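Close look at the chain arrangement
Residues per chain are reported as follows:
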Amino acid sequence: MTGRSQGRMDAQDLPAKQIRLKPAYWGILLTVVVAVLVLSPLGLLAYQSLLSAPFFAPIKQVSLDAYKYVLTDPAFYRALFNSFVIALGMVVIAVPFGTALAFLVNKTDLPFRKAFELLLLTPTFVSPIILGIGFTIVFGPVGLVSNVFQDVFGRVPWTIYSLPAIAIIAGLLHVPYVYLYVSSTIRNLDASLEEAARISGAGIWTVALNVTIPLVRPSVVYSAMLMLLLGFEIFGLPLVLGDSKGIDVITTYLYRLTGVTGVPAYGPMAVVAVMLILLALVIVGIQRKVLGETGTKYTSVGAKGYRSARFKLGKARWWMVLITALYLLVTVILPVFGVVLRSFVTSWGAGVNLLDVLTLKNYSAIFTLPDLSRGVVNTFIVAAVGGFVAVGVYLTIASGILRSTPNLRRTLDYISGLPRSVPGLIMGLAFLWLFLFFKPIGFLRTTLASLIIAYTIVWLPYGVRLLTATLMQISKDLEEAARMVGASPLKAFQKVTLPLLQSGLLSAWLLMFMQFVREYSTGVYLLTPGTEVLGSLIVSLWATGAVDSIAALSSIQIVIISIVYLIANRLGVKAGE
């Protein structure tokens, strides 16, 4: 018997507590670094909100003038009310519809459910601002569908440029997020309770309402609070649909503050950002409290892994297919088709024959104008390189969470989840000011590194959760065995754990690639000559009315995401797992 095999046997024989690694100093260092990255930009916002002048001004003093300005501005309260209405609409529409779709796709014999699932998740990878533009092209006053209704019925019985319409559209577009969270729970349910109800004679809808949905109540509650949070953070959709009627929400109010005051309104912008962050923290706090109280009451994942046969929908199955297909047609297929079609024509509207206005000039303009062509190239670089960097950062943090002491683990987990409470628009603003405030890193502001850093922080909660789940599938005993035969912690991780993570890391990179391509709000304030990306270009061009370029840029983004989405789906990558 060799010495190495003897070492392996000893490692197996020793109790786990004797070979458990002691907390390393790098865990403390990691927590400090993550805290600095997450808290320093937010701290700068809070600091600016209490100043009488911009933070870089030579003369400034502590003042509450910015708070007085915002809190006495009627437009702020109108924006706050509009945000509340939209958030409420998202909860009322997205939660029940998303939960019902999760049940239908995962628990019943609904035809075409795999195709439906593929299309259902599309809105989570396409920018909301692009879908909003698609709604204007299809359902706007001179939209493709609106023109058909005008010709057939003599009038268009809807408008998408009103607060209720924005709330309904926002709710429909966020159904996939609820579907994602509830589906992941439904798939893991021990179906013995459902089977017992069926044996007792309960019908499909009785089982759904009295057994399945109560078992997934924590996911439903989480989704409802998430919709409330996203409702206050939403930016692109109200910007597109509310612009013509002057309907502002809290994020667009922040975005327009400079235009309203005529000068960079550092103080009021910081105040609105701080208030929005505090509001988000309150919602997240309520979410955690509610889930903390209900989570242990609804433990539903059994050890048996029992799965029952799918429920038979009977005659209702084709009605369910029709409703699901109609939803996908309205919220995904037609808006995306509208954007792509608009990119190939010079104009559209009543009386315009689209065959007469077909063109490729919208695309040729993109590749001849330097800033637009740079936007395409930069998007690839930020998504590919940034995604790689982000996965490395998330893996390091996830490893720290799983291998640190309990106190460090809680601290690191809480800090890494904090950006979930901060809208991307505000995080972009915070990083812009951070680059202006700290001169040693100021050179980063005009480089793509600024976007990569900001994107990495914005998507930190999502990425860390993803990599933590992947790491938890690999037993620590493997690394500990390597340590027992002389490997250092880094060597053990590199030689043992990392090879086992290859498929998980590839999945994470693909998901980050898509999210970085679709990201738009974070880059709005970081847009400079040389840092253009598709998302921020679309936002900036929207103010100029350059619909031709916007449609072409949006179509390019859709094509990039579609290709990567299909590759990821082919590899079995799941967005919520």
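Computed from a predicted structure; not experimentally measured. For every chain, the first residue of its written sequence is number 1, and the numbers climb from 1 along that sequence. In keeping with the model being predicted, local features are shown solely for residues with a pLDDT of at least 70 and side-chain atom pairs are shown and tallied solely at 80 or more, while totals for entire chains, interfaces and linings include all residues. As a rule here, side-chain values come from all non-hydrogen atoms in the structure, and water together with hydrogens is ignored.

1. Considerations on the packing of helix α5 (residues 74-107) against helix α13 (residues 217-233)
Formally: Inter-axis angles, ranging from 0 to 180 degrees, are taken between N-to-C directions of lines fitted to C-alpha atoms, where helices are fitted over the stretch in contact. Here a helix means four or more residues in a row that DSSP labels H or I, a strand means two or more in a row labelled E, and each is numbered from the N terminus. In what follows, roughly perpendicular refers to angles from 65 to 115 degrees, roughly parallel to angles under 35, roughly antiparallel to angles over 145, and oblique to any angle outside these ranges. The crossing is said to be left-handed when, going from far helix to near helix, the turn is anticlockwise and less than a right angle, and right-handed when the turn is clockwise. Contact between two residues is taken to exist if any of their heavy atoms lie within 4.5 Å; hydrogens are not considered. In this count, Pro and Cys sit with the nonpolar residues alongside Ala, Val, Leu, Ile, Met, Phe, Trp and Tyr, while Asp, Glu, Lys and Arg are called charged and the others, Gly among them, polar.
Where α5 meets α13, the axes come as close as 8 Å, and the angle between the chain directions of the two elements is 150°. As the angle between them shows, α5 and α13 are arranged roughly antiparallel. Between α5 and α13 lies a crossing whose hand is right-handed. Along its contact with α5, which presents Leu80, Ser83, Phe84, Ile86, Ala87, Met90, Val91, Ala94, Val95 and Thr99, the element α13 presents Val220, Ser223, Ala224, Met227, Leu228, Leu230, Gly231 and Phe232. Taken together, the residues of the contact of α5 with α13 break down into 14 nonpolar, 4 polar and no charged.

2. Focus: a nonpolar patch on the surface
The criterion, for reference: Like-charged residues within 9 Å of one another, or nonpolar side chains (Val, Leu, Ile, Met, Phe, Trp, Tyr) within 5 Å, are grouped into patches, provided each residue has over 30% relative accessible area and no salt bridge. Surface accessibility in these figures is a Shrake-Rupley result with a 1.4 Å probe; residues are shielded only by whichever protein chains are displayed. Salt bridge, as applied in this entry: a Lys or Arg side-chain nitrogen positioned within 4 Å of an Asp or Glu carboxyl oxygen. Categorising residues by exposure relies on relative accessible area from a 1.4 Å probe, with only protein chains included: less than 20% of the type maximum marks a residue as buried, more than 50% marks it as exposed, and the intermediate range marks it as partly exposed.
Together, Val377, Ile381, Val385, Phe388 and Val389 make up a nonpolar patch on the protein surface, roughly 440 Å² of accessible area in all. Residue class for valine 385 comes out partly exposed when judged on its relative accessible area of 41%.

3. Structural notes on the layout of surface pockets
Over the atoms a probe the size of a water molecule is rolled, and this reveals where empty space is left. Convention followed: Residues are said to line a cavity or pocket when one of their atoms sits within 4 Å of a point; the points come from a 1 Å grid over protein atoms alone, cavities being sets where a 1.4 Å probe fits but cannot get out and pockets being open sets with protein on both sides within 12 Å along at least five of seven lines. Grid points are joined across faces, edges and corners, and a volume is the space filled by probe spheres set on the points.
Of the volumes computed, that of the largest pocket is approximately 1,300 Å³. Forming the walls of the largest pocket are 47 residues, and the residues nearest its centre are Tyr181, Leu226, Arg420, Pro461 and Tyr462. Elements with a minimum of two residues in the lining of the largest pocket: α10 (175-187), α13, α16 (266-294), α20 (406-417), α23 (460-471) and α26 (502-518). Broken down by class, the residue content of the lining of the largest pocket amounts to 28 nonpolar, 12 polar and 7 charged.

4. Observations concerning helix α6 (residues 113-120)
Condition: In this description, one arc is meant: the one made by directions from the helix axis to the C-beta atoms.
Of the residues making up α6, those classed as buried are Phe116, Glu117 and Leu120. Projection of α6 onto a plane perpendicular to its axis shows the buried side chains occupying an angular sector of 100°, all on one side. Looking at the buried positions of α6, the neighbouring elements they touch are α5, α10, α17 (317-342) and α28 (547-570).

5. Here we look at the packing of aromatic side chains
Quick note on the threshold: Classification of ring pairs uses Phe, Tyr and Trp, with its six-membered ring standing for Trp, and accepts pairs whose centres are within 6.5 Å; under 30 degrees between planes counts as stacked, over 60 as edge-to-face, and the remaining range as tilted.
The final tally for this structure, using the stated rule, is 28 aromatic pairs. Considering the side-chain rings of phenylalanine 139 and tryptophan 158, the 6.1 Å spacing of their centres and the 70° angle between planes classify their relative orientation as edge-to-face. Of this pair, phenylalanine 139 sits in helix α7 (residues 128-139) while tryptophan 158 sits in the loop between α8 (144-153) and α9 (163-173); the two residues are 19 residues apart in sequence, bridging distant segments of the chain. Of the residues examined, phenylalanine 139 reaches a relative accessible area of 12% and is grouped as buried. Consider the rings of phenylalanine 344 and tyrosine 363, whose centres lie 5.1 Å apart with planes at 40°: the pair is tilted. Here phenylalanine 344 is found in the loop between α17 and α18 (361-366), whereas its partner tyrosine 363 is found in helix α18, with 19 residues between them in sequence. Taken together, Tyr47, Phe55, Phe56, Tyr266, Trp433, Phe437 and Phe438 form an aromatic cluster joined through their ring pairs.

6. Focus: the confidence of the model for the chain
Selection criterion: pLDDT is a per-residue confidence score from the predictor, ranging from 0 to 100.
Within the chain, residue pLDDT values average 83, and 90% of them lie at 70 or more. Per-element confidence in the chain is highest for α9, whose mean pLDDT is 94, and lowest for helix α1 (residues 3-13), whose mean pLDDT is 44. Below pLDDT 50 for its whole length, residues 1-21 participates in 14 contacts with residues either more than four positions away or in separate chains.

7. Some remarks on the nonpolar core
The condition is simple: Take the buried residues of types Ala, Val, Leu, Ile, Met, Phe, Trp, Tyr and Cys, join any two whose side-chain atoms come within 4.5 Å, and each joined set is a nonpolar core.
Formed by 182 residues in total, the largest nonpolar core has its most connected members in Leu45 and Trp433. Apart from residues no more than four positions distant in its own chain, tryptophan 433 is found in contact with Leu44, Leu45, Gln48, Phe55, Tyr266, Met269 and Ala270.

8. Digging into unusual backbone geometry
With phi around 60°, phenylalanine 112 is a residue other than glycine that occupies positive phi space. Inspection of the secondary structure assignment puts phenylalanine 112 in the loop between α5 and α6. A relative accessible area of 53% places phenylalanine 112 in the exposed class.

9. Things to note about the side chain of arginine 342
Among the secondary structure elements, arginine 342 is positioned in helix α17. Look at arginine 342 and you get buried, because its relative accessible area is 5%. For arginine 342, the residues in contact, after removing those within four places along its chain, are Ile137, Ser347, Trp348, Asn362, Val547, Asp548 and Ala551.

10. Considering helix α22 (residues 448-458)
In terms of residue burial, α22 counts as a mostly covered element, since 9 of its 11 residues are buried. By the burial criterion, the buried members of α22 are Leu448, Ser450, Leu451, Ile452, Ala454, Tyr455, Thr456, Ile457 and Val458. Summarising the contacts, the buried residues of α22 are in contact with α3 (25-49), α19 (370-403), α21 (424-437), α23 and α26.

11. A short note on the packing of α10 against α13
At their nearest, the axes of α10 and α13 sit 9 Å apart, and the two run at 160° to each other. Considering the angle they form, α10 stands roughly antiparallel to α13. Where α10 crosses over α13, the handedness of that crossing is right-handed. In this structure, α10 uses Tyr177, Val178, Tyr181, Val182 and Thr185 to contact α13, whose residues at the interface are Ser219, Val220, Tyr222, Ser223, Leu226 and Met227. Of the residues assigned to the contact of α10 with α13, the class counts are 8 nonpolar, 3 polar and no charged.

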